[in-house]
Amino acid sequence: MTLGVTLGSTAVQRTIDSTVQLAREARDAGLHSAWFGQTFAYDSPSLAAIVGREVPGLQVGTSAIPIFGRHPLLVSSQAQTAQAATGGRYHLGLALGTQHLTETGFGIPYQRPIGLLREFLTALRPLLETGSADFHGELLTATTPYSAAVPGAQPPVPLLVAAMGPQALRVSGELADGILPFLAGPRALAEHIVPAVTAAATAAGRPAPRIVALVPGVVTSNAEADAVRESAAEALALYERIPSYQRAIERSGATRAAELAVIGDEETVAAEVRRYHEAGATEVVFTATELNGEAGRGRTWKLLGELSRS
């Protein structure tokens, strides 16, 4: 199994040095990858580049950079720099973001997100593959009067999208290498998400897409499970107000986001990881593994590392 963890947290802002040390622990536990979210704090491609360079053997990625307020030329430069710094171990994740954060943070209207996603990916892919672009769309322009290629940025950076809705899945299947669904349980993956993105990729003549499922979860004792579930409910409640996550939660057969958190002993968590793979996930990345403190995180990473090596 290919398993990873997220290292970024909005609840805990770690120093770069402590993040590097945490990444070493992830690698030494046997985990395949470490992923970083993009907030208004750290620049996630830069952090991934530092961590990947300091921790050989660990795949690193961003999950995910909102496209509003950014430009393909700048994102390409960031991603290629991270790829060159890590020796080809960087994975770029993009997202539509949310209306609230886009309009509040950047002061720009959240309009035509699917159209912008299509144009962003259309301009970005040749930049990552050849270092050049000549794209003139309705919503953005990206041209290269001289090369935008970064020496050593090989192979081309894998391009993933945090897509779960039908339109975003269609665009991602046509133009990206895979998707990064979050709070989409096995049922939503198997019945809605995987078939839609795979059909779009097939129709576009592209390879089968990567399905990197992000799953909140932690290994814990039965005695602690209820308290951890309460913490998960508090931590994940904000996603219940975002329409795309609301639909994914509902399609997963749940009413609350915390119902999709994988919480239990080693046997319980291992069984849920298998369910995600059986539903079509090519990779599983655990998030929120700090919900039960450092001891719980260590126990969770130990299990995931064992599963990754099995």
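Quick caveat, the model's predicted, so the values are computed rather than measured.

Trainee: Would you mind going over a nonpolar patch on the surface with me for this structure?
Mentor: A cluster of nonpolar side chains, Phe40, Leu101, Phe106 and Ile108, forms an exposed patch at the surface whose accessible area comes to about 370 Å². Within the secondary structure, isoleucine 108 sits in the loop between helix H4 (99–106) and helix H5 (113–130).

Trainee: I'm lost on the packing of aromatic side chains in this one. Help?
Mentor: How two aromatic rings sit relative to each other is given by the distance of their centres and the angle of their planes. The final tally for this structure, using the stated rule, is five aromatic pairs. Ring geometry for phenylalanine 182 versus tyrosine 245: centroids 6.0 Å apart, planes at 80 degrees, classification edge-to-face. Of the two residues, phenylalanine 182 is situated in the loop between strand S9 (178–179) and helix H7 (186–203) and tyrosine 245 in helix H9 (residues 243–251); the sequence distance between them amounts to 63 residues. Here the aromatic residues Phe182, Tyr239 and Tyr245 are joined through ring pairs into a cluster of three or more. A cation sits over an aromatic face here: arginine 297 above tryptophan 301, 4.5 Å from the ring centre.

Trainee: For this particular structure, what's the right way to read the pattern of salt bridges?
Mentor: Between side chains of opposite charge, pairing is possible as soon as their charged atoms come close. Per the counting criterion, the structure on display carries 16 salt bridges. Here arginine 187 ties to glutamate 191 by a salt bridge, and the two come within 3.8 Å at their closest N and O atoms. Placement of both arginine 187 and glutamate 191 in helix H7 is noted, with a separation of four residues, approximately one turn of the helix. For glutamate 191, a relative accessible area of 51% puts it in the exposed group.

Trainee: Whenever I open this one, the pairing of strand S10 (residues 210–219) confuses me. Can you help?
Mentor: Within a regular strand, side chains alternate between the sheet's two faces. With ten of ten residues buried, S10 lies mostly within the body of the structure. Neither face of S10 is left uncovered, since the one carrying Arg210, Val212, Leu214, Pro216 and Val218 and the one carrying Ile211, Ala213, Val215, Gly217 and Val219 both have all their residues buried. Across two bridges, the pairing between S9 and S10 is parallel. Each bridged residue has a counterpart across the sheet, and for isoleucine 179 the counterpart in S10 is isoleucine 211. The parallel pair S9 and S10, bridged by H7, forms a crossover whose chirality is right-handed. The pairing of S10 with strand S12 (residues 283–287) spans five bridges and is parallel.

What counts and how
Residues numbered from 1 in each chain as written. Predicted model: local features only at pLDDT ≥ 70, side-chain atom pairs only at ≥ 80, totals over all residues. Heavy atoms only, no water. Patch = residues over 30% accessible without salt bridge, like charges linked within 9 Å, V, L, I, M, F, W, Y side chains within 5 Å. Areas by Shrake-Rupley, 256 points an atom, 1.4 Å probe, with all protein chains shown as cover. Salt bridge = Lys/Arg side-chain N within 4 Å of Asp/Glu carboxyl O. Helix = DSSP H or I, 4+ residues; strand = E, 2+ residues; numbered from the N terminus. Phe/Tyr/Trp six-rings, centres within 6.5 Å; stacked < 30°, edge-to-face > 60°. Lys NZ or Arg CZ within 6 Å of the ring centre and 35° of its normal. Buried < 20%, exposed > 50% of the residue type's maximum accessible area, 1.4 Å probe, protein only. Pairing = 2+ DSSP bridges. Right-handed = clockwise from strand over helix to strand, strands pointing away.

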